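Letter by letter, the chains look like this.
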Amino acid sequence: MTNRSKLKQLILDVFLLSEEEYSLNLKREDIQTWDSLGVVSMAVGIQETFGYHLRPEQATAIASVSDIIQVLTENGVHFDV
Amino acid sequence: MSDQVVVPWDSVCQLPMGGTIAWTLPSLSATLSTVLPYPVLTAPGTPSPGIPRLVVVGGGSLIDHAKLWKRQQSPTTWLCAVPSLWGSGAEASSVAVETRGGQKVPFMDATLLPDARSCFPTLADTVPPDYAFWGFGDVWAHALEGFLSPLSSDELRQEFATLLADLLAMPLVPSAAWFELSARACDLQSRSGVGLIHGIAHELEPRLHGYGHARLCTALLWPVFRFNASRSPKVETLCTSFGVSMDAVGERLQSLFREADFYAILPSMVEHWGLMIRNPLSRINCAVARPDAISYFQRREFAS
């Protein structure tokens, strides 16, 4: 499973979305479940899936799926183009 | 730490007769009347607003009722809470739960924390065996979920680690010491968070007759702990960092596991899993509770 697929599955599971709702352009404001609890759950899931511990300020600053990819890439997690 | 005062039981017995009332359950009324010099009011009766001091002696429901009564009807009353059972920790918490039309409605407010709490050691001998057992599980659930919560801090985790060591040293036998452990677990947990055990329990409580909060938490402790450890490396990391023996904890949780209870609730878990993973408490679990995670419990993977 590629990191891109892992991230997609994580986003679906954490924010309780269907396949059709997912896209790389997804933003926090588009997802009702990306609330403060969703931020906590996403941080837990990122550590579980990619082994990277988001600092609280990083977790709250992330506003889109592409932001997640950027933070993880900057911290050594590779995403296929 | 909270501003709550811990009052020795002897001092509770010496509160002034004038202006003090004890409020308790019918089953405890006779016992209290022999040791307290002031009037003992029995629920469902309700104290008159404005009394200077109220000593509530009972389980979590009556203590929560007294906390809400004080906030809504008698804010100047000095409230001392004395638990008749360990587990809920209502005496040490600023949360109160009211049942409205079969649904539990939680309230959280600093004014809900009783001014004082005390322990009447004799009551440890009056707890029915099943309730005592489920109460042990409830205390463990607060301590463990609070320790592992992603909302906890290192400072709090250090306090949780001390509590977990004390719990491991404590046999699963009724004793007055459980009242203090229960209050400590609840106080600490109220400053961090809970998780999937409570998320599942809160969804099942209104749906399963005969399975109260403590019984559900006890049935879920071992399976959910194993689930969390299998999904999140953080469980082992935190235990190692804070000197908590996962083996010792696991062994104790197994001794609290009653297979029949777990398998009695499993069909409802399967049916309502979608609601359970949407529960706010499940969403702050230390491992992500995903839609397919129910299969972990169905396949009994925690036992392997």
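Thresholds, definitions, all that
Residues numbered from 1 in each chain as written. Chains lettered and ligands numbered in written order. Predicted model: local features only at pLDDT ≥ 70, side-chain atom pairs only at ≥ 80, totals over all residues. Helix = DSSP H or I, 4+ residues; strand = E, 2+ residues; numbered from the N terminus. Rg over C-alpha atoms; globule rule 2.2 N^0.38 Å. Buried ≥ 20, exposed ≤ 12 C-beta atoms within 10 Å, placed from the backbone. Contact = placed C-beta atoms within 7 Å. Core = buried A, V, L, I, M, F, W, Y, C linked by C-beta atoms within 7 Å. Domains from an automatic or database assignment. Nonpolar A, V, L, I, M, F, W, Y, C, P; charged D, E, K, R; others polar. Axes fitted to C-alpha atoms, helices over the stretch in contact; angles between N-to-C directions. Parallel < 35°, antiparallel > 145°, perpendicular 65-115°, else oblique. Pairing = 2+ DSSP bridges. Left-handed = near helix turned anticlockwise from the far one by under 90°.

S.K.: If you had to explain the overall build of chain A to someone new, which residues and values would you point to?
M.R.: Regarding its fold elements, chain A presents four helices and zero strands. For 81 residues, the compact-globule estimate of 2.2 N^0.38 gives 12 Å, and chain A sits close to it at 11 Å. The principal-axis extents of the C-alpha atoms in chain A amount to approximately 30 × 25 × 20 Å. When each of the 81 residues of chain A is scored for burial, the buried share is 22%. Long-range pairs, those at least 24 residues apart, make up 47% of the contacts in chain A with a sequence separation of at least 6.

S.K.: For the nonpolar core, give the residues involved together with the corresponding values.
M.R.: All names here are of chain B. In terms of nonpolar packing, the biggest core is built from 96 residues, with Val-56, Ala-143, Ile-197 and Leu-221 touching the most fellow members. Per-domain counts for this core show at least three residues from each of domain 1 (5–123) and domain 2 (128–303). Apart from the residues within four sequence positions on either side, Val-56 is in contact with Trp-23, Leu-62, Ile-63, Ala-66, Leu-79, Ala-81 and Val-82.

S.K.: Tell me about the interface of chain A and chain B, and please be specific about residues and values.
M.R.: Opposite the 11 residues of chain A that make contact, chain B presents 14 residues. Elements with a contribution of two residues or more to the side of chain A that touches chain B: helix H1 (3–14) and helix H2 (36–50) of chain A. The element that contributes the greatest number of residues to the side of chain A that touches chain B is H2(A), accounting for eight residues. For the side of chain A that touches chain B, the class distribution of residues is six nonpolar, three polar and two charged.

S.K.: An account of the environment of A:Ser41 is needed here, citing residue identities and associated values.
M.R.: Following the sequence through the fold, A:Ser41 ends up in helix H2. A:Ser41 sits in the buried class, given 27 other C-beta atoms within 10 Å. The spatial distance from the C-alpha of A:Ser41 to the C-alpha of A:Ile11 is 10.0 Å, given a sequence separation of 30 residues. With sequence-adjacent residues up to four places away left out, A:Ser41 is seen in contact with A:Val14, B:Arg283, B:Ile284 and B:Val288.

S.K.: For unusual backbone geometry, give the residues involved together with the corresponding values.
M.R.: Following B:Ala43, the chain continues to B:Pro44 via a peptide bond in cis, the omega torsion being 15°. Topologically, B:Pro44 is positioned in the loop between strand S3 (40–42) and strand S4 (53–58). The phi angle at A:Leu16 is positive, at roughly 55°, despite the residue not being glycine. Tracing the backbone through its elements, the reader meets A:Leu16 in the loop between H1 and H2. Residue B:Arg300 is not a glycine yet carries a positive backbone phi of 60°.

S.K.: Provide a residue-level description of the packing of helix H7 (residues 196–204) of chain B against helix H11 (residues 259–278) of chain B, including the pertinent values.
M.R.: Working note: a packed helix pair is described by the angle between its axes plus the distance between those axes. Residue and element names in this part refer to chain B. Where H7 meets H11, the axes come as close as 10 Å, and the angle between the chain directions of the two elements is 105°. Relative to H11, the element H7 lies roughly perpendicular. Along the contact surface, H7 presents Gly-199, Ile-200, Glu-203 and Leu-204, while H11 presents Ile-265, Ser-268, Met-269, His-272, Leu-275 and Met-276.

S.K.: An account of the sheet that holds strand S2 (residues 20–24) of chain B is requested, with residue identities and associated values reported.
M.R.: Residue and element names in this part refer to chain B. Read from one edge of the open sheet, six strands run S1-S8-S5-S4-S2-S3, paired in parallel fashion. Only two strands of the sheet have a single neighbouring strand rather than two, namely strand S1 (5–6) and S3. In terms of strand pairing, S2 meets S3 through three bridges, oriented parallel. By the bridge assignment, Ala-22 is partnered in S3 with Val-40.

S.K.: How would you summarise the packing of helix H5 (residues 154–168) of chain B against helix H6 (residues 177–189) of chain B if you had to cite specific residues and measurements?
M.R.: Residues and elements named next belong to chain B. Direction vectors running N to C along H5 and H6 enclose 155°, while the axes themselves pass 11 Å from each other. Comparing the axis directions of H5 and H6 gives the class roughly antiparallel. Crossing hand, H5 versus H6: left-handed. In contact with Leu-156, Glu-159, Phe-160, Leu-163, Asp-166 and Leu-167 of H5, H6 contributes Leu-181, Arg-184, Ala-185 and Leu-188. Residues belonging to the contact of H5 with H6 are distributed by class as follows: seven nonpolar, no polar and three charged.

S.K.: So what's going on with the domain arrangement of chain B? Residues and values would help.
M.R.: Residue and element names in this part refer to chain B. If you check the domain split of chain B, you get domain 1 (5–123) and domain 2 (128–303). On a C-alpha basis, the centres of domain 1 and domain 2 stand 27 Å from each other. Every contact between the two is made by 17 residues of domain 1 and, on the other side, 20 residues of domain 2. In terms of residue class, the side of domain 1 that touches domain 2 is made up of seven nonpolar, seven polar and three charged.

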